[in-house]
Amino acid sequence: MAGAVWTRQGSRVIQSIQNASSRRSHTALKSQYDVLVIGGGHNGLVAAAYLQKGGLQTAVLERRHVLGGAAVTEELFPGFHFSRCSYLLSLFRPHIYEDLELKKHGLKIYRRNPHAFSPMLEGGVGGAPPRSLTLGSDMVLNRKEIGKFSKKDAMAYGEFNAYLDKLASAAQPLLDAPPVDIIGLTSGSLRTRIKAAKTLMPLVKCGLKLGKNIPDFYEIVTAPIMKILNQWFESEPLKATLATDAVIGAMTSPYNPGSGYVLLHHVMGELEKEKGSWGYVEGGMGGVSNAIASSARSLGASIFTEKDVQEILVGPDGVAKGVVLKDGSEIHSKLVLSNATPYVTFKKLTPQASLSPEFIKAIDQFDYTSPVTKINVAVDKLPNFLAAPSPDGKPGPHHQCSVHLNCESVEVLETAYKESINGKYSTRPMLEMTIPSVLDPTLAPPGGHVVSFFTQFTPYYLEGKEWTDQDKEAYADLVFDWVEQYAPGFKSSVVGRDILTPPDLERIFGLTGGNIFHGSMSLDQLYLARPLPCLSNYRTPIKGLYLCGSGCHPGGGVMGSPGWNAALAVMADMKRS
């Protein structure tokens, strides 16, 4: 590493200065609102914007000094601005983008093309550099790239993309609506059942759009991704690159059932009407949150930071009445929405006497296992990959991609996974590297860059013990040793690094277990069962308390949709009452 390396501990003052504007509110915190939203993450902000738009006086209470939850920008080292947790944008719902006029409120997106770069760790042939695989929207170039490894795969890739696109497009209606109202369909008056029948429409639309492809959809949702990929392809670098999207953020193997859905989940998105596109947000992911907050404020919502909620107030009648802050202040409201994880909402914020033992036991079973350690790195020069040299120090097309390291074969990913389930971190971890400052110059000083590593697989407890600072540094050193093999000189370019293990992600961002999705995206925790069958409609056993975070359908990564659906549930209940 470089001689003078900044540490994360020295960055708090910088963060505070940078985000001072986000702490200011146009109004002082009042003692009474129609709606209180716990947590200023993107879903909470979306819910607040729509509820305020619907005429309800809404306030958002964020415990940290900066808005955004996991979608934040923080200046960790002087001049280097990081998307500290969430780092790419795609699954933001288009109708929310348009309804809230986010472009008008400052949201600017840099789309990436190409989007994936997998350099090989191998010796070049005849003096040529090592091979690499680069994928983007140009199918002619994709075939050329894949053809380095398999002519057969090069011809099949376009058809595979069309197959995925058809399945993902058919699932779109399910993202923008609550799950089917089973209780309404099976009980109550005829009028109630007829109304509940409308919740079947997204499912019907999905089925009609799939048509004869329904078996294909069922297979990819339930199967191990390797069952699918082995049917289509033969080359290991291509299968490994595609398999990373089936395990990203998930403590699972490409050979485990359900990993196919995780891949499908990640291709459902779009950016500015381009399907499957992922991009960087100008100024970092905090730019998304700030744009939503600006829109919500323009509608009249009040948004506050450094307001840490200690408890949800529940009256003797079992109805939510507001919240108590950690400073002892009581704020009353008719309704409360929680953007926290289900675990935090029901185990830490809700009085336990207000919940049944059976319900608490069910909440305890929800899986938050996470394999992720995020490492944010400030460097003083652009990484130079052996497989795609840039001796002049200028960015090449591959620098804007998600760079997949240790993706020479699926077996490398499988070995990394197996090591972690035995309580150890992977000795050859799966690494997804991004360098957003290549497209967004606002993130780093001249000549410098911000680099993000989304790494797997790391357990919450390291061989049954808590992570120490020495453990974290040793793991980061291991990661950098691997990067150095692909891009010599990387380690000497490091100015500072910020290491976030699963416990750090939990402590800083409130992500239970360090899980970026607010709960694993396994088949038993999706749609009607997210987070529990009795909670899939965003309502809770406490009347007046709703969930609006990614622990609800349609889950993590689908930015804004849980908040939008929760707001719809609130407005529907208000209309009925």
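Residues numbered from 1 in each chain as written. Predicted model: local features only at pLDDT ≥ 70, side-chain atom pairs only at ≥ 80, totals over all residues. Heavy atoms only, no water.

Caption draft 1: Summary view of the overall build of the chain. Within the chain, the regular secondary structure consists of 20 helices and 21 strands. Over its C-alpha atoms, taken along the principal directions, the chain stretches across nearly 80 × 60 × 50 Å. Every one of the 577 residues in the chain was classed for burial, and the buried ones make up 60%. By sequence separation, contacts in the chain at least 24 residues apart represent 72% of the contacts at least 6 residues apart. Accessible area of the chain: about 22,600 Å², with a carbon and sulfur share of 56%. Charge separation in the chain, taken as the distance between the mean sites of 57 positive and 54 negative side-chain charges, equals 6 Å. (Helix = DSSP H or I, 4+ residues; strand = E, 2+ residues; numbered from the N terminus. Buried < 20%, exposed > 50% of the residue type's maximum accessible area, 1.4 Å probe, protein only. Contact = heavy atoms within 4.5 Å. Areas by Shrake-Rupley, 256 points an atom, 1.4 Å probe, with all protein chains shown as cover. Lys, Arg positive; Asp, Glu negative; His and termini not counted. Charge placed at Lys NZ, Arg CZ, Asp CG, Glu CD.)

Caption draft 2: Spatial organisation of helix H19 (residues 502–509). Listing the buried residues of H19 in full gives Pro502, Asp504, Leu505, Ile508 and Phe509. One side of H19 holds all its buried residues, which, seen down the axis, span an arc of 160°. Buried residues in H19 make contact with strand S4 (73–77), strand S16 (372–379), helix H18 (469–486) and strand S20 (494–500). Just past H19, the residue glycine 510 takes up positive phi, approximately 75°. (Arc of directions from axis to C-beta.)

Caption draft 3: View of the packing of helix H11 (residues 225–232) against helix H12 (residues 236–247). Axis separation between H11 and H12 bottoms out at 10 Å; the angle between their running directions is 150°. If you check the angle between H11 and H12, you find them roughly antiparallel. Here the hand of the crossing between H11 and H12 comes out right-handed. Here Ile225, Met226, Leu229 and Asn230 of H11 lie close against H12, whose contacting residues are Lys239, Leu242, Ala243 and Ala246. Split into classes, the residues belonging to the contact of H11 with H12 amount to six nonpolar, one polar and one charged. (Axes fitted to C-alpha atoms, helices over the stretch in contact; angles between N-to-C directions. Parallel < 35°, antiparallel > 145°, perpendicular 65-115°, else oblique. Left-handed = near helix turned anticlockwise from the far one by under 90°. Nonpolar A, V, L, I, M, F, W, Y, C, P; charged D, E, K, R; others polar.)

Caption draft 4: Just the packing of aromatic side chains, in detail. All chains considered together, the criterion is met by 21 aromatic pairs. Between phenylalanine 160 and phenylalanine 233, the ring centres sit 5.0 Å apart and the planes meet at 75°, which makes this aromatic pair edge-to-face. Of the two residues, phenylalanine 160 sits in helix H6 (residues 151–175) while phenylalanine 233 sits in the loop between H11 and H12, which places them 73 residues apart along the sequence. As far as the burial class goes, phenylalanine 160 and phenylalanine 233 line up, both buried. By the ring-pair criterion, three or more aromatic residues cluster together here, those being Tyr157, Phe160, Tyr163, Trp232 and Phe233. It is arginine 112 that lies over the ring of tyrosine 280; its NZ or CZ is 5.3 Å from the centre. (Phe/Tyr/Trp six-rings, centres within 6.5 Å; stacked < 30°, edge-to-face > 60°. Lys NZ or Arg CZ within 6 Å of the ring centre and 35° of its normal.)

Caption draft 5: Fine view of a positive patch on the surface. A contiguous patch of positive charge, built from Lys166, Lys209, Lys212 and Lys275, is present on the exposed surface. Along the chain, lysine 212 falls in the loop between helix H9 (201–210) and helix H10 (214–222). (Patch = residues over 30% accessible without salt bridge, like charges linked within 9 Å, V, L, I, M, F, W, Y side chains within 5 Å. Salt bridge = Lys/Arg side-chain N within 4 Å of Asp/Glu carboxyl O.)

Caption draft 6: Expanded view of the pairing of strand S13 (residues 309–314). Judged from the five bridges that link them, S13 and strand S14 (residues 320–325) form a sheet pairing that is antiparallel. Bridge pairing in S14 places valine 309 opposite leucine 325. The hairpin turn running from S13 into S14, its antiparallel successor, is five residues long, and glycine 318 in that turn takes a positive phi close to 80°. (Pairing = 2+ DSSP bridges.)

Caption draft 7: The arrangement of the environment of methionine 571 in detail. Tracing the sequence through the fold places methionine 571 in helix H20 (residues 561–576). When the C-alpha positions of methionine 571 and glutamine 231 are compared, they lie 46 Å apart, and in sequence the two are 340 residues distant. With residues up to four places along the chain from it excluded, the contact list for methionine 571 reads Leu51, Gly54 and Leu56.

Caption draft 8: Structural view of the pattern of salt bridges. Tallied over the full model, the rule gives 22 salt bridges. Among the salt bridges present, the one from glutamate 145 reaches lysine 148, with a minimum N-O distance of 3.1 Å. Classification of glutamate 145 as buried rests on a relative accessible area of 16%. With a relative accessible area of 37%, lysine 148 lands in the partly exposed category. With a shortest N-O distance of 3.6 Å, lysine 239 and glutamate 236 are connected by a salt bridge. Highlighted residues: lysine 239 and glutamate 236, both in helix H12, separated by three residues, approximately one helical turn. What makes lysine 239 buried here is its relative accessible area of 7%. Exposure remark for glutamate 236: the relative accessible area of 29% places this residue in the partly exposed category. Three or more residues joined by partner-sharing salt bridges are found here, namely Arg64, Glu74, Arg84 and Asp498.

Caption draft 9: Structural detail: the side chain of threonine 58. Note that threonine 58 resides in strand S3 (residues 58–61). By relative accessible area, threonine 58 is classed as buried at 0%. Beyond its immediate stretch of four places on either side in the chain, threonine 58 contacts Tyr33, Val35, Val37, Ala48, Leu51, Gln52, Ala301 and Ser302.

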